[in-house]
Amino acid sequence: MRLIVVSNRLHVTVEEKEGKINYKQSSGGLATGLSSYLDSIKDRDFEISEYLWIGWPGSAISAGKRSEVGAELESKYNCRPVFLSEKVMDKFYLGFCNKTIWPLFHYFPMLTSYSAEHWKQYISVNETFCEAVLEAVRPGDVVWVHDYQLMLLPAMLRKKMPGLAIGYFHHIPFPAFEVFRLLPREWRNSILEGLLGSDLVGFHTHDYTQYFLRCALRMIGLEHNLGAVNCASHTAIADTFPIGIDYEKFNGAAQNPEVKKEIREFKKAFGDKKVILSVDRLDYTKGIINRLKGYELFLERHPQWHGRVVLLSLVVPSRTGVDHYMSMKRQIDEMAGKINGKFGSAGWTPLVYQFRSYSFEALAAVYSISDIGLVTPLRDGMNLVAKEFVASKADGRGVLVLSETAGAAREMGEAIQVNPNDIDEMAAAIKEALDLPLEEQVRRNTQMQKRLKRYDIARWAEDFIRKLLAVKIERSKLETKLLRGDIKKEMLEKYRGGGNRLLLLDYDGTLVPFADSPEKARPGSRLIETLKKLSSAAGNDLVIISGRDRHTLESWFGGTGISMVAEHGAWICEKGRQWRSLKPLKNDWKPQLMQIVERCVDRLPGAFVEEKEFAIVFHYRRSDPELSVLRVSELRDDLINFTANKELQILMGNKALEIRCAGVSKEVGGMHFIVNNKPDFILSVGDDVTDEDLFRALPETVYSVKVGVERSSARYYLPGFAEVNALLEDFSAIEAAKKSEADKN
Ligand code: GDG
């Protein structure tokens, strides 16, 4: 099986200088970690044995060089480049990705820009990536999309290839609902729908997963069951997979002669001073200024440490095209000058600040020699530096000070955790770290190392892919139940050949979509015509079997020859006959119950009551989805007390709670037609839990069809009401063909 990894940047960076092409490994945790894992998959005992990485090669490549670069990347690096011009990258990457999504998702709404032009470019680049994947993909491939630059891609791919296994991993935080909703409606809905195009959406922490699910519920009305979201065509699962690092590489780095050499150099430079280390990309999310303030306060409060401690701050240049980053750089320069000016002396520079990137060997060396890792981002999806620092402590010495707002804080409880906005706390944490006894350092690091070793980058990737493959298997099981192709052909043949046919059709959600209020979901003229035609065809009995009251059904379908079952089986009207109740029912319980239900309506804005002859329905489709969960469960509790000794049942429908007489169900209504008419062809279609009563009772030969992808006792499924309408049109076409044949004869 082949894995197609898709990310904004390839793990190889290509540069064109004076007509010459250079290839080098991209920096960043994912690029290095994942590429070393991917290179090892050939030799692992795992379903995936090959990979292709699709992405932007890191710079604009001139048209004349593209085929050469493409060929080299494919043959030597398993990469397929997506070439994008500087102009496009400017609006897409520096624009929408880094001026809109990055600040907003890291809780910096004041730095977020909302440019329609950038959004358009974001859509267009996602489309370009979609084309590149479609060009490369082969049957059976698994696609794994990475990060916030490509949030629309999963849905685009799903649309073109409904059966493709698609995973998406989100490397940055997913914000809380109140922050995410700041995006314009069209953007935020497209982003949620884009992500939900995946089979599996992964996040670093449980909180991010929950925030995402909450946004899906509140903004596009999609509920979830333990992280499984039922979308129109498939179920998308949201789950938590905290990324790991290449543990052995960092843990064993100090044995590498190159690293040893670097260690000697650093030790010479710092002598016996305690070294506090910070490593960040230049970014406002990393909290560099606050950290410097924390260090300054520490020096102010603890003069006994003057001359004995050094903060080594490595800042790696990044996104130099975004204005805000350059002004931040100036601020850091000023702060650094201030600290060294205020506290430094001829023999001591309290802050060693370097604005450049390091080789792996130099980085591993500073991890190894430093005493404290000061990792205090204001917000970070995960933060790999924290994990690398701890993994590098082969002898167990060293203390990690970590922000509680980094995703890594969830797994690194043994670190000294700080609120990066609390300068006092940061200064105190530095002091605490310097004073921490060696034994305690070793104890804490050993605990964290055990976890980092077990859940390393390979385990992370395999966990994600395994889950994706499991979802794929579930989906392919469901696909065999999809009413299409040969199954559909055979069913249409049976319909054609049947002499006595019964069509049992649910109404809401099956023949028409749900509307804000029940009265708005009227049948259109085309649907009525089709139903009439089918109902009047020789040998056919067409039954609308619904939870609606009989007056509504009568007003829509009365006089058409269509049979009807109202209130889930309480009332029945057979073709050409009068309405009658199937069994004697009481409704003297209604006034008292109505009071309870109305009390709940008062407490849930948007909710309303529908009164039927033998049922009361509490509708909450237009209400706040989260408050609804609470109110409905309170209402259920009240009702259960009241209905305990009465012949009543409580039923959860689609955004509705119904109280009705016990002993009434679609099973009773549907079976009445089956027992009386003895049909030789039966079709039963429905989308609701109430239809399940009937599906379960039907004989095995019946074509029972669930509308939607939820679990069901039905034999087959169709994605939505449109497909049901199309199926009825197919039956109708058979009748028309029969009629024209009969006319000819
Ligand atoms: C995203 C999320 C999430 C840094 N400087 C040098 C260097 N690095 C390496 C580090 C580390 C990586 O870059 C940075 O780690 P981050 O965790 O900050 O990852 P990003 O790729 O920036 O960001 C982040 C991550 O994705 C993974 O999901 O943790 O929250 O923002 O590996 O070692 N490497 C070398 N020289 C340097 O100067 N060689």
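Everything numeric here is computed off the predicted structure, so don't read it as measured data. (Residues numbered from 1 in each chain as written. Predicted model: local features only at pLDDT ≥ 70, side-chain atom pairs only at ≥ 80, totals over all residues. Heavy atoms only, no water.)

Enquirer: So what exactly am I meant to see when it comes to the overall build of the protein chain here?
Expert: Per the secondary structure count, the protein chain includes 25 helices and 29 strands. Along the longest, intermediate and shortest principal axes, the C-alpha atoms of the protein chain span 105 × 65 × 45 Å. Per-residue burial over the protein chain gives 55% buried out of 745 residues. Considering only contacts within the protein chain whose residues lie at least 6 apart along the sequence, 71% involve residues at least 24 apart. When the accessible surface of the protein chain is summed, it comes to about 32,000 Å², and 49% of that surface belongs to carbon and sulfur atoms. (Helix = DSSP H or I, 4+ residues; strand = E, 2+ residues; numbered from the N terminus. Buried < 20%, exposed > 50% of the residue type's maximum accessible area, 1.4 Å probe, protein only. Contact = heavy atoms within 4.5 Å. Areas by Shrake-Rupley, 256 points an atom, 1.4 Å probe, with all protein chains shown as cover.)

Enquirer: What exactly am I supposed to notice about the side chain of R291 here?
Expert: Along the chain, R291 turns up in helix 11 (residues 288-301). In this structure the side chain of R291 is engaged in a polar contact, spanning 2.7 Å, whose partner is the side chain of D280. Dropping the residues within four chain positions of it, R291 is found in contact with S278, D280, K286, L374, T376, P377 and M426. (Polar contact = N/O pair within 3.5 Å; in protein donor to acceptor, adjacent residues only side chain to side chain.)

Enquirer: Could you clarify how one ought to interpret the pairing of strand 24 (residues 615-619) in this entry?
Expert: For a regular strand, side-chain orientation follows a simple rule: the groups alternate between the two sheet faces. A large share of strand 24 lies buried, amounting to 5 of its 5 residues. Neither face of strand 24 is open: one carries A615, V617 and H619, the other I616 and F618, and all of them are buried. Connecting strand 23 (residues 608-611) to the next strand, strand 24, in antiparallel fashion are 3 residues. Note: strand 24 against strand 26 (residues 656-661), 5 bridges, orientation antiparallel. Along strand 26, the bridge assignment pairs H619 with A656. (Pairing = 2+ DSSP bridges.)

Enquirer: I'm lost on the site of the ligand in this one. Help?
Expert: Taken together, 22 residues lie around the ligand, and H171, Y358, D380, L384 and E388 are the ones closest in. In the environment of the ligand, an oxygen atom lies 3.2 Å from a nitrogen or oxygen atom belonging to the side chain of K286. Between a nitrogen atom of the ligand and a main-chain N or O atom of Y358, the distance comes to 2.6 Å. Summarising the interface, the protein chains cover 86% of the accessible area of the ligand, which totals 730 Å² for the free molecule. Residue contributions to the shell around the ligand peak at 3 residues, all from helix 13 (residues 360-369). (Near = heavy atom within 4 Å.)

Enquirer: Explain the packing of helix 4 (residues 116-136) against helix 5 (residues 153-160) to me, please; I cannot follow it from the model alone.
Expert: Two quantities define a packed helix pair, namely the angle between the axes and the distance from one axis to the other. Packing of helix 4 against helix 5 leaves a shortest axis separation of 9 Å and a crossing angle of 45°. With respect to helix 5, the axis of helix 4 lies oblique. The way helix 4 lies across helix 5 gives a crossing that is right-handed. Across the interface between the two elements, I123, N126, E127, F129, C130, V133 and L134 of helix 4 pack against L153, M156, L157 and K160 of helix 5. (Axes fitted to C-alpha atoms, helices over the stretch in contact; angles between N-to-C directions. Parallel < 35°, antiparallel > 145°, perpendicular 65-115°, else oblique. Left-handed = near helix turned anticlockwise from the far one by under 90°.)

Enquirer: What's the story with helix 11 in this structure? I'm lost.
Expert: Each full turn of the α-helix corresponds to 3.6 residues, which orients residues three or four apart in the same direction. Taking 1.5 Å per residue, 14 residues should reach 20 Å; helix 11 reaches 20 Å between its end C-alpha atoms and fits that length. Among the 14 residues that make up helix 11, 11 are buried, leaving the element largely enclosed by the rest of the structure. Three or more residues of helix 11 are buried, namely I288, I289, N290, R291, L292, G294, Y295, E296, L297, F298 and L299. (Expected span 1.5 Å × (residues − 1).)

Enquirer: When you look at the sheet that holds strand 11 (residues 235-240) in this model, what are you seeing that I'm missing?
Expert: Hydrogen bonds between backbone atoms are what pair the strands of a sheet, whose relative direction is either parallel or antiparallel. Strand order in this open sheet of 9 strands is 5-4-1-6-7-8-11-10-9, and the pairing throughout is mixed. The open sheet has two edge strands with one neighbour each: strand 5 (79-81) and strand 9 (224-225). Summarising the sheet, strand 4 (residues 50-56) and strand 5 pair through 3 bridges and their orientation is parallel. Along strand 5, the bridge assignment pairs G55 with P81. Packing of helix 8 (residues 206-220) onto the sheet brings it into contact with strand 8 (200-203), strand 9, strand 10 (228-230) and strand 11, and relative to strand 11 it is tilted by some 150°.

Enquirer: What is the right way to look at empty space enclosed by the protein in this model?
Expert: To find the voids left in a structure, one rolls a probe of water-molecule size over its atoms. Applying the stated criterion across every chain, the model contains 1 cavity of 30 Å³ or more. When its volume is computed, the largest cavity comes out at roughly 430 Å³. Secondary-structure elements contributing two or more residues to the lining of the largest cavity are strand 23, strand 24, strand 25 (648-653) and strand 26. For the lining of the largest cavity, a count of residues per class yields 10 nonpolar, 8 polar and 12 charged. No fewer than three residues from each of domain 3 (485-583 + 664-743) and domain 4 (590-661) sit in the lining of the largest cavity. (1 Å grid on protein atoms, 1.4 Å probe; cavity = no way out; pocket = protein on both sides within 12 Å on 5 of 7 lines; lining within 4 Å. Points joined across faces, edges and corners; volume = space filled by probe spheres on them. Nonpolar A, V, L, I, M, F, W, Y, C, P; charged D, E, K, R; others polar. Domains from an automatic or database assignment.)

Enquirer: Teacher, can you tell me more about the domain arrangement of the protein chain here?
Expert: Accessible area lost upon the coming together of the parts serves often as the stated size of an interface. Annotation of the protein chain at the domain level lists domain 1 (25-51 + 84-133 + 143-240), domain 2 (253-454), domain 3 (485-583 + 664-743) and domain 4 (590-661). Approximately 1,400 Å² of surface area, both sides summed, lies buried where domain 3 meets domain 4, with 51% of it carried by carbon and sulfur atoms. The largest contributions to the domain 3 side of the interface with domain 4 come from D516, E567 and V664, which together make up 31% of the buried area. Of the charged contacts in the structure, one is a salt bridge between E613 and R550, with a shortest N-O distance of 2.7 Å. Where domain 3 meets domain 4, there are 8 residue pairs in polar contact (both at pLDDT 80 or more). Where the side of domain 3 that touches domain 4 is concerned, the elements lending two or more residues are helix 20 (550-557) and helix 24 (689-697). Residue composition of the side of domain 3 that touches domain 4, grouped by class: 7 nonpolar, 6 polar and 8 charged. (Buried area = accessible area lost by both parts, 1.4 Å probe. Salt bridge = Lys/Arg side-chain N within 4 Å of Asp/Glu carboxyl O.)

Enquirer: Would you mind showing me how to read the sheet that holds strand 14 (residues 351-355) here?
Expert: Strand order across the open sheet formed by 6 strands is 14-13-12-15-16-17, with parallel pairing between neighbours. Each end of this open sheet is capped by a strand with a single partner; those strands are strand 14 and strand 17 (416-418). Mean inter-strand twist for the sheet, computed between neighbouring axes without regard to direction, equals 20°.

Enquirer: What is the right way to look at the environment of G398 in this model?
Expert: With respect to the helices and strands, G398 occurs in the loop between helix 14 (384-391) and strand 16 (399-403). When its relative accessible area of 3% is taken as the criterion, G398 is described as buried. Along the sequence, G398 and S370 sit 28 residues apart, while their C-alpha atoms lie 7.2 Å from each other. The residues touching G398, leaving out its near neighbours within four places in the chain, are D371, K393, Q441 and N445.

Enquirer: Looking at this model, I keep getting lost on the pairing of strand 19 (residues 540-545). Mind explaining?
Expert: Of all 6 residues in strand 19, 6 are buried; the element is thus mostly enclosed. Here strand 19 shows two buried faces, one formed by N540, L542 and I544 and the other by D541, V543 and I545. With helix 19 (residues 525-536) bridging strand 18 (residues 501-505) and the parallel strand 19, this β-α-β connection has right-handed handedness. Where strand 19 lies against strand 20 (residues 563-566), 3 bridges are found, and the strand directions are parallel. (Right-handed = clockwise from strand over helix to strand, strands pointing away.)

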